[in-house]
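# Breakdown of the fold
For reference, the chains in residue letters:
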Amino acid sequence: MNPIIVDAQVARELELEQYVEEQAEDVAPEFEIDSVDDANFGTLYRVWSGMRLLGTFYRADSDGLWVAQPCNLELRPRCETKEQAQLVIIALSGLLVVSAA
């Protein structure tokens, strides 16, 4: 693979990761996260908006990635960090609105 293409791809991935982390910090205070012990998943974290459950996430034993499980969707994205998993759940719930500045 061409080194220039790899460098550009790495740069885009780093930009996306930084953006996701910034967004997670900005929206996290509006949502609550708690956890319960689960026989299948270990510690299962739940993301709430008021009394509405938006989804759950857990850390996979197989690869150490965080698996996001948004409510009412079949998607199960795997994320590098728990903050990314939270943001995926919030974004897919339709509560995250990004404005183009």
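Residues numbered from 1 in each chain as written. Predicted model: local features only at pLDDT ≥ 70, side-chain atom pairs only at ≥ 80, totals over all residues. Heavy atoms only, no water.

Turning next to the pattern of salt bridges. Under the defined criterion, the tally for this structure stands at 2 salt bridges. For Asp34, the salt bridge goes to Arg46, with nearest N and O atoms at 2.8 Å. On the criterion of sequence distance, the pair formed by Asp34 in strand E1 (residues 32–38) and Arg46 in strand E2 (residues 42–49) is long-range, its members being 12 residues apart. Taking the relative accessible area as the measure of exposure, Asp34 reaches 29% and is therefore partly exposed. Arg46 gets classed as partly exposed once you look at its relative accessible area, which sits at 23%. Its salt-bridge partner being Asp63, residue Arg78 comes within 3.0 Å of it at the nearest N-O pair. With a gap of 15 residues between them, Arg78 in strand E5 (residues 78–79) and Asp63 in the loop between strand E3 (52–59) and strand E4 (66–70) connect regions that are remote in the sequence. (Salt bridge = Lys/Arg side-chain N within 4 Å of Asp/Glu carboxyl O. Helix = DSSP H or I, 4+ residues; strand = E, 2+ residues; numbered from the N terminus. Buried < 20%, exposed > 50% of the residue type's maximum accessible area, 1.4 Å probe, protein only.)

It is worth spelling out the sheet that holds E4 at this point. Taking strand neighbours across the sheet as the criterion, the 5 strands line up as E1-E2-E3-E4-E5 in an open arrangement whose pairing is antiparallel. On the outer flanks of this sheet lie E1 and E5, each paired with one strand and no other. Where E3 meets E4, 5 bridges bridge the pair, whose relative direction is antiparallel. Bridge pairing in E4 places Thr56 opposite Gln69. (Pairing = 2+ DSSP bridges.)

The subject of this paragraph is the packing of aromatic side chains. Under the defined criterion, the tally for this structure stands at 4 aromatic pairs. Pairing Phe41 with Tyr58 gives two aromatic rings, centres 4.3 Å apart and planes at 35°, and the pair type is tilted. Separated by 17 residues along the polypeptide, Phe41 in the loop between E1 and E2 and Tyr58 in strand E3 bring together distant segments of the chain. Assessed through its relative accessible area of 32%, Phe41 is described here as partly exposed. Cluster of aromatic residues (ring-pair linked, three or more members): Tyr45, Phe57 and Trp66. (Phe/Tyr/Trp six-rings, centres within 6.5 Å; stacked < 30°, edge-to-face > 60°.)

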